[in-house]
Amino acid sequence: DGMSLDKKHTFKVIMMDEFQRVVDRQDEFVPQQTVSSFSRHDFRDWLKDKKCREQLLLRYQSETEIYWHDTTVGEPVLCYGGEREKRNKKIWCDWKVQWSPLGSYLATFHQQGVLLWGGPEFTRKARFTVKGQQVQQIEFSPNEDFMVTWNGNPALSVPPDEHAVRFFRVLTGECVRSCRTPGFAPLGGEFPHFLWSHDGKYFAECSEHNITVRDSETFEVLKDEEGKKKSFKFPDLSTFQWSPKDNVLAVWTLEKDNNPAKLTFIEVPSRRELASRSRTQIKASIHWQSEGDYLCLINTKLSKTKKEGATNLEIFRFREKNIPVDVVEVKDNVRGVFWESKGHRIAVLTHDEA
């Protein structure tokens, strides 16, 4: 048994008792599942609550407690406060907690990594071990299939940390990708470095001059028309955002030299430019409506000395042909805009500097 006949064939001996099992084996090979997983059929049972209550999380001192928000009682009702872990003399959370986007998981931060809890009893479902530095931030994909961890190491750390960012598959706990910290956070601040499409099929990072989009199946950079892996080139990139309902990027680039500032809509993965609008001598920010029907571009005029002038709200009607624009002039200083969820109205917070 095990005698090598040539480089590709080995002589195998089996017992006669095993003969029938061998001849009944399927022609198509099915690999054995070696990665553990779990079911999440009960992870959103709280939506079936007979009293239609919401859950809220309270973290104070060393305690982590989840309450039912019951308006009929008039005060929160404790759902789970780590009693099981306390009985076993274990620590439920070391220092920080975070809900997943759909409320399926509660993530707790620990010295060795991150734990995920779920189900009606908040039992432990997955453990993500990160060697080295403690996890500082996490981010889930919109469909909760992936979790991204970041250990806080900056992009220019010495020596370079090739595992500062890790992508984990939630159901199996596999680390499917790791990389250095990107040098640019598209929403400002220091995190997040990656922005996900609404369906979790794509995620994007950027630098000052390009946007790199990868698909979440292979984690490879998207290919162009010639089949080459290629980033989107945007000189003087300021920021970008995914549409909340479509695989479309809204990209804002800054004015420089003789090139005006520009808002561009790019379809992914086709790379087709849907529309673009150029503006000069303004500073701006972009705000999608929850359904992706509208995008508001807040632009404030700047003088040659960079003094701020009038502010306009440009409403792009994304679902209509050629994406027409409505302009609303606001005389006061705009502090923020807030779209009505799933609606057509927008609230504007202003400040009269006079």
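Residues numbered from 1 in each chain as written. Predicted model: local features only at pLDDT ≥ 70, side-chain atom pairs only at ≥ 80, totals over all residues. Heavy atoms only, no water.

### Description of the overall build of the protein chain
And step 1. Each helix and strand counted, the protein chain has 2 helices and 27 strands in total.
And step 2. If you line up the protein chain on its principal axes, its C-alpha atoms span 90 × 65 × 45 Å.
And step 3. Within the protein chain, the fraction of its 354 residues that count as buried is 41%.
And step 4. Entry remark: accessible area of the protein chain is about 21600 Å², with carbon and sulfur atoms responsible for 49%.
And step 5. In the protein chain, which carries 52 positive and 52 negative side-chain charges, the distance between the mean positions of the two groups comes to 2 Å. (Helix = DSSP H or I, 4+ residues; strand = E, 2+ residues; numbered from the N terminus. Buried < 20%, exposed > 50% of the residue type's maximum accessible area, 1.4 Å probe, protein only. Areas by Shrake-Rupley, 256 points an atom, 1.4 Å probe, with all protein chains shown as cover. Lys, Arg positive; Asp, Glu negative; His and termini not counted. Charge placed at Lys NZ, Arg CZ, Asp CG, Glu CD.)

### Here's the deal with the sheet that holds strand 7 (residues 106-110)
In a beta sheet, neighbouring strands are held together by backbone hydrogen bonds and run either parallel or antiparallel to one another.
And step 1. Overall, antiparallel pairing links the 4 strands, which are arranged 6-7-8-9 in an open sheet. Two strands bound the open sheet, and with one partner strand each, they are strand 6 (97-99) and strand 9 (123-129). With strand direction ignored, the average angle separating the axes of adjacent strands in the sheet is 25°.
And step 2. As judged from the 3 bridges shared by strand 6 and strand 7, these two strands associate in the antiparallel manner. Within strand 7, the residue paired with Val97 across the bridge is Thr108. (Pairing = 2+ DSSP bridges. Axes fitted to C-alpha atoms, helices over the stretch in contact; angles between N-to-C directions.)

### Details of unusual backbone geometry
Peptide bonds are trans in most cases, and residues, glycine excluded, mostly fall at negative phi.
And step 1. Residues Val158 and Pro159 are joined by a peptide bond in cis, for which omega reads -5°.
And step 2. Inspection of the secondary structure puts Pro159 in the loop between strand 11 (146-150) and strand 12 (165-169).
And step 3. Here Phe122, not a glycine, exhibits a phi torsion of approximately 50°, which is positive.
And step 4. On the secondary structure map, Phe122 appears in the loop between strand 8 (113-118) and strand 9.
And step 5. Even without being glycine, Lys306 reaches a positive phi, approximately 75°.
And step 6. Along the chain, Lys306 turns up in the loop between strand 23 (294-302) and strand 24 (308-317).
And step 7. For Lys306, a relative accessible area of 62% gives the class exposed.

### Topic: the confidence of the model for the protein chain
And step 1. Chain-level pLDDT for the protein chain is 89 on average; 95% of the residues reach the 70-or-more range.
And step 2. Helix 1 (residues 19-23) is the least confidently modelled element of the protein chain, averaging 75 in pLDDT, while strand 14 (residues 195-196) averages 98, the highest of any element. (pLDDT = per-residue confidence, 0-100.)

### Side note on the sheet that holds strand 10 (residues 137-140)
And step 1. Read from one edge of the open sheet, 4 strands run 10-11-12-13, paired in antiparallel fashion. Each end of this open sheet is capped by a strand with a single partner; those strands are strand 10 and strand 13 (175-179). When strand polarity is set aside, the average angle formed by the axes of neighbouring strands in this sheet is 20°.
And step 2. The sheet contact formed by strand 12 and strand 13 spans 4 bridges and is antiparallel. Residue pairing across strands places Phe167 opposite Arg177, the latter belonging to strand 13.

### Quick look at empty space enclosed by the protein
And step 1. The final tally for this structure, using the stated rule, is 1 cavity of 30 Å³ or more.
And step 2. Estimated volume of the largest cavity: approximately 30 Å³.
And step 3. Lining of the largest cavity is provided by Asn153, Pro154, Ala155, Ser157, Asp161, Ala164, Arg180 and Thr181. (1 Å grid on protein atoms, 1.4 Å probe; cavity = no way out; pocket = protein on both sides within 12 Å on 5 of 7 lines; lining within 4 Å. Points joined across faces, edges and corners; volume = space filled by probe spheres on them.)

### Here we look at the nonpolar core
And step 1. Grouped together as the largest cluster of nonpolar side chains are 17 residues, with contacts concentrated most on Ile211, Val213, Phe240, Trp242, Leu249 and Val268.
And step 2. Mapped by element, the contributors of at least two residues to this core are strand 15 (202-206), strand 16 (210-215), strand 18 (237-242) and strand 19 (248-253).
And step 3. Discounting chain neighbours no more than four positions away, the residues touching Ile211 are Ala204, Glu205, Cys206, Ser231, Phe232, Phe234, Leu237, Phe240, Leu249 and Val251. (Core = buried A, V, L, I, M, F, W, Y, C linked by side-chain atoms within 4.5 Å. Contact = heavy atoms within 4.5 Å.)

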